[in-house]
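Listed here are the chains, written in short residue letters.
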Amino acid sequence: MIELKNVTKSYHQALAVKDLNLTVEDGEIMGLIGHNGAGKSTTLKMILGLIEPTSGQIEVMGRDMAKESVYVKQFVGYLPEESPLYANMTVTEYLMFFSEIYKLPKRKAVARIDDLLGSLKLPERDRLTGELSKGMKRKVTIARTLLHNPTLLILDEPNSGLDPLTSFFIINYLKSLREQGKTILLSAHNLFHVEHICDRVAILKDGELVVCDSMKAIQKSLGRRDYQVVFYADEKLDYEREDGNYVFRTTDISQVASVLERISENEWALVNLSVRESALEEIYVKLMMETEQQKEATS
Ligand code: ATP
């Protein structure tokens, strides 16, 4: 769906994106993450054809964006990081206005707006957009992004400034869009959301791609697995105690096997055995610190 080949963007002297190679497959949700100023928005804007790369090539739906961005745009929905609404229009007026820009026939537009506001759980269709809360405004901009039923969605921080419940709703809504066959590329700072929604994650640092892989593969190569065995024994043992039970924690599966064997041999009571994968946030922080240290060591 999207292919970036050796894409670089410099603003005056500053390099915002450096030699970026990235592919987004049809029907997947790809998360683009990185620190403030890492180059996420610049990358999204180049993919959309809003700004031109300094060098390199971008293809969207097999079309070269340097030549065919106008054609491609009809299939793309873009949610900018910040998107002011027209405060003196009602939600319906605002969405009808954009339907006209997209040249949707009136009856089709009315049905589409009904459908979108229903699925986004936004009943405030007759209220002025200027009177809406931040979460409601974000839902209106998401509805606007989807009006023309795009195949590809480019979302710059879709959950920015939203409360946990609205964020959770939006995350599930995006999952339902993937199920409808849409391809989604999003940038986000909330790594918990990224981890729970994205099929693959690309990490940018200072404009460079550090990692691009599935969550499972990232956890396998960069994370760790923590095991916890909780058991009860009516005798004094050399294990950590918690709530009247003994707890054994390790990252080594063979040690788990020996403790389980001991529990079984002594007929102690196994209370719980759990495995915890590193969260994306932990992996990200560790990766950023390591790359920073490497940079310092080589400079
Ligand atoms: P954030 O998470 O804060 O939104 P980002 O990862 O989206 O950051 P970009 O907005 O792409 O980062 O910015 C990347 C770099 O390019 C930054 O150093 C920024 O200052 C610079 N930059 C972005 N837009 C411009 C511009 N129009 N003119 C000059 N420099 C710019």
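Let me begin by describing the structure that accompanies this report. (Residues numbered from 1 in each chain as written. Predicted model: local features only at pLDDT ≥ 70, side-chain atom pairs only at ≥ 80, totals over all residues. Heavy atoms only, no water.)

## Structural notes on the packing of aromatic side chains
- Overall, the coordinates contain twelve aromatic pairs when judged by the stated rule.
- Ring plane angle 90° and centroid distance 5.5 Å describe the contact between Phe-97 and Phe-98, whose orientation is recorded as edge-to-face.
- Overall, the relative accessible area of 32% leaves Phe-97 in the partly exposed class.
- For Phe-98, a relative accessible area of 13% puts it in the buried group. (Phe/Tyr/Trp six-rings, centres within 6.5 Å; stacked < 30°, edge-to-face > 60°. Buried < 20%, exposed > 50% of the residue type's maximum accessible area, 1.4 Å probe, protein only.)

## Here's the deal with the site of the ligand
- Of all residues adjacent to the ligand, which total 13 residues, the nearest are Asn-36, Gly-37, Lys-40, Ser-41 and Thr-42.
- Interatomic distance of 3.1 Å between a backbone N/O atom of Ala-38 and an oxygen atom of the ligand.
- Between the ligand and Thr-42 there is a distance of 2.5 Å, counted from an oxygen atom to a side-chain nitrogen or oxygen.
- The element best represented in the shell around the ligand is helix α1 (residues 40–47), accounting for three residues.
- A breakdown of the residues in the shell around the ligand according to their chemical character gives three nonpolar, seven polar and three charged. (Near = heavy atom within 4 Å. Polar contact = N/O pair within 3.5 Å; in protein donor to acceptor, adjacent residues only side chain to side chain. Helix = DSSP H or I, 4+ residues; strand = E, 2+ residues; numbered from the N terminus. Nonpolar A, V, L, I, M, F, W, Y, C, P; charged D, E, K, R; others polar.)

## Observations regarding helix α3 (residues 91–101)
- By the burial criterion, the buried members of α3 are Val-91, Thr-92, Tyr-94, Leu-95, Met-96, Phe-98 and Ser-99.
- Where α3 is buried, its residues touch α4 (106–119) and α5 (134–146).
- Downstream of α3 by a residue or two, Lys-103 has a phi angle that is positive, lying close to 60°. (Contact = heavy atoms within 4.5 Å.)

## Regarding the packing of α3 against α4
- Interhelical geometry of α3 versus α4 gives an angle of 130° and a closest axis separation of 10 Å. Judged by the angle between their axes, α3 and α4 are oblique. Viewed along their axes, α3 and α4 form a crossing whose handedness is right-handed. Along its contact with α3, which presents Val-91, Thr-92, Leu-95, Met-96 and Ser-99, the element α4 presents Lys-106, Ala-109, Val-110, Ile-113 and Leu-117.
- Here the contact of α3 with α4 is built from residues that sort into seven nonpolar, two polar and one charged. (Axes fitted to C-alpha atoms, helices over the stretch in contact; angles between N-to-C directions. Parallel < 35°, antiparallel > 145°, perpendicular 65-115°, else oblique. Left-handed = near helix turned anticlockwise from the far one by under 90°.)

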